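Coordinate inspection notes
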Amino acid sequence: MRLWLRTRPAWWALLALGLLPLAWLVWRTFTDQLGANPAETLIRATGDWTLRGLCLTLAVTPLRVQLGWPELLRFRRLLGLLTFGYASLHLVCYAWFDMGLDWADIVRDIPKRPFVLVGSLALLLMTLMALTSWNGAIRRLGARRWQALHRSVYALAVLAILHFWWMRAGKHNFNEVWVYGLILAALLGWRLRRWWMKDHRA
Amino acid sequence: MLIRSSDSGFVHPAASDITPRVVFESRRTLLQHMAAGAAGLTLAGWAARDARAQMKGAGVLPALASVPSTLPGAQTMDKPTSYKDATTYNNFYEFGTDKSDPARHAHTLKTRPWTVEVEGLVKKPGRYGLEDLMKWGTMEERIYRLRCVEGWSMVIPWVGYSLAELIRRVEPQPGAKFVEFVTLADRATMPGVRGGVLDWPYVEGLRLDEAMHPLALLAFGMYGEVLPNQNGAPLRLVVPWKYGFKSAKSLVKIRFVDKQPVSSWEQAAPQEYGFYSNVNPAVDHPRWSQATERRIGEDGLLAKKRKTLMFNGYEAQVGQLYAGMDLKKYF
């Protein structure tokens, strides 16, 4: 298993797996299987997959360290970029299918639904990370600055949950918010604990 | 640059202003005549299917006979939502908060035997059986727009009679000013009632004059059949000029009271949901705009949302109920 994870096909397999939800959504769109409110289905599905991608991306380091499997690191960038892809689609679906690309309507909508603003801010952070995700960017920025920038993924996790919670607050329906919130809290908590232990060892 | 006009193409005069009544009332007959062969085979088949698909249920539930309503406003010319969409996409929190939950979970609801308790300030209180209630008025088919507070809408052919018929029969006492509706909350059959989203049972209310308005409907069926469980069987309220949540489902109790009842949503979030909850594009929900709506099933993915109409398009009929009221305050 670990040997296979080091191979090229493993990377391609993850890419294929990561594009499956998108393929499924495209298929349902063109075969009219998105239910009574297709726009809503697409917006929610891309949002859900962004959250799942974020959880998976943030799980790479804890898994790598706990299992002692350094080869997992190879997949972190791909997972991050896939997550960015779903987040971008989420925004496109909102702006296009919900708002009809009417910018005046969007500008009016944002103060009404501040969670849209929170989501946009999260996507901005993701865009910065996606733009600096290639090897050359690490060299150009310097490892330290690059790492500082990419630590904004922790802020991103908090913004993503805030965005989801705020959206769901409309229906007093927090079950799924709790699920994602607890997973992300556990993943961030693991890091906090590690830093704390490092500090106290020194 | 996009050139936009204030005319949405949606606000037109009532069809009755243009087309002679006899003609527009026989619209569906015309479609059937087309189906009979007058307009060519392809078109005919298409028209017949269209006419049937719009107005008929799935044929699984018992039929409920009715006559077309002649009440002004009760026959909207908008294209009815498909039965499938109307029965698989709705809110009925007693069966879960997702709009696909009611269709999935409501099969557990037991609708027979069913009684409705009428109590409070009435001369003829009592516990009335469903079969009796169904005989208290002439079953009419009324095609109403339904606007959900969440920003989507449908067009549904309901079957029932004016709530006013029931109210007149039980004879409110002079002190009765409001009507409170209590709906079923059965932990055994309703999974949502076991969760804590709202305080159960679900309670709604109307001012007595609102409840007496002929457009306020006591519905027993839709699409020519009895109500499916997920849409509020065996009887529900339909108040077409108010947001959908005011139209309480699966009624078990109707109380006549002197004080304004506190509805479930008012209790859960008083700053967001008022007692009146009339459809009003000019008064936004605190967290989203109410100026537009997405018509389920009709607008394609790329179609723009349509403008929401004052009192959901029933202003001519119900506007006078709110004359002089500040609708921003009494939202």
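In this text, all values refer to a predicted model and were calculated from it rather than measured experimentally. (Residues numbered from 1 in each chain as written. Chains lettered and ligands numbered in written order. Predicted model: local features only at pLDDT ≥ 70, side-chain atom pairs only at ≥ 80, totals over all residues.)

1. Observations regarding the overall build of chain B
A count of helices and strands for chain B gives 11 helices and 13 strands. Counting all 331 residues of chain B, 41% fall into the buried class. Expressed as a percentage of contacts within chain B between residues at least 6 apart in sequence, the contacts between residues at least 24 apart total 69%. (Helix = DSSP H or I, 4+ residues; strand = E, 2+ residues; numbered from the N terminus. Buried ≥ 20, exposed ≤ 12 C-beta atoms within 10 Å, placed from the backbone. Contact = placed C-beta atoms within 7 Å.)

2. So, the packing of helix α6 (residues 114-131) of chain A against helix α9 (residues 152-169) of chain A
Residue and element names in this part refer to chain A. Where α6 meets α9, the axes come as close as 9 Å, and the angle between the chain directions of the two elements is 155°. Overall, the two elements α6 and α9 adopt an arrangement that is roughly antiparallel. α9 is crossed by α6, and the crossing has left-handed handedness. Here α6 contributes P114, F115, V118, G119, L121, A122, L125, M126 and M129 to the contact with α9, which in turn contributes S152, V153, A155, L156, L159, A160, L162, H163, W166 and M167. Taken together, the residues of the contact of α6 with α9 break down into 16 nonpolar, three polar and no charged. (Axes fitted to C-alpha atoms, helices over the stretch in contact; angles between N-to-C directions. Parallel < 35°, antiparallel > 145°, perpendicular 65-115°, else oblique. Left-handed = near helix turned anticlockwise from the far one by under 90°. Nonpolar A, V, L, I, M, F, W, Y, C, P; charged D, E, K, R; others polar.)

3. Focus: the sheet that holds strand β3 (residues 126-129) of chain B
Residue and element names in this part refer to chain B. Read from one edge of the open sheet, five strands run β3-β2-β11-β6-β7, paired in mixed fashion. A strand with exactly one partner marks an edge of an open sheet, and here the two such strands are β3 and β7 (203-207). Neighbour to neighbour, the strand axes of the sheet diverge by 20° on average, direction disregarded. Note that strand β2 (residues 115-120) and strand β11 (residues 251-257) share four bridges and pair parallel. Paired with G120 across the two strands is F256, which belongs to β11. (Pairing = 2+ DSSP bridges.)

4. Comments concerning the environment of D209 of chain B
Residue and element names in this part refer to chain B. Looking at where D209 falls in the secondary structure, it is placed in helix α9 (residues 208-212). Overall, the presence of 12 C-beta atoms within 10 Å leaves D209 in the exposed class. Sequence separation between D209 and A63 is 146 residues; the distance between their C-alpha atoms is 32 Å.

5. Quick notes on the confidence of the model for chain B
This prediction gives chain B a mean pLDDT of 88; 83% of its residues lie at or above 70. Scored as a complex, the prediction yields pTM 0.81 and ipTM 0.76. (pLDDT = per-residue confidence, 0-100.)

6. Section: the packing of helix α4 (residues 76-98) of chain A against α6 of chain A
Residue and element names in this part refer to chain A. Remark: α4 packs on α6, axes separated minimally by 10 Å, with the N-to-C direction vectors making an angle of 140°. Classified by the angle their axes make, α4 and α6 are oblique. Note on packing geometry: the crossing formed by α4 with α6 is left-handed. Residues G80, L81, F84, A87 and L91 of α4 lie in contact with α6, whose contacting residues are L123, M126, M129 and A130.

7. Regarding the interface of chain B and chain A
With 17 residues of chain B in contact, the opposing surface of chain A contributes 15 residues. Its residues assigned to classes, the side of chain B that touches chain A comprises seven nonpolar, four polar and six charged.

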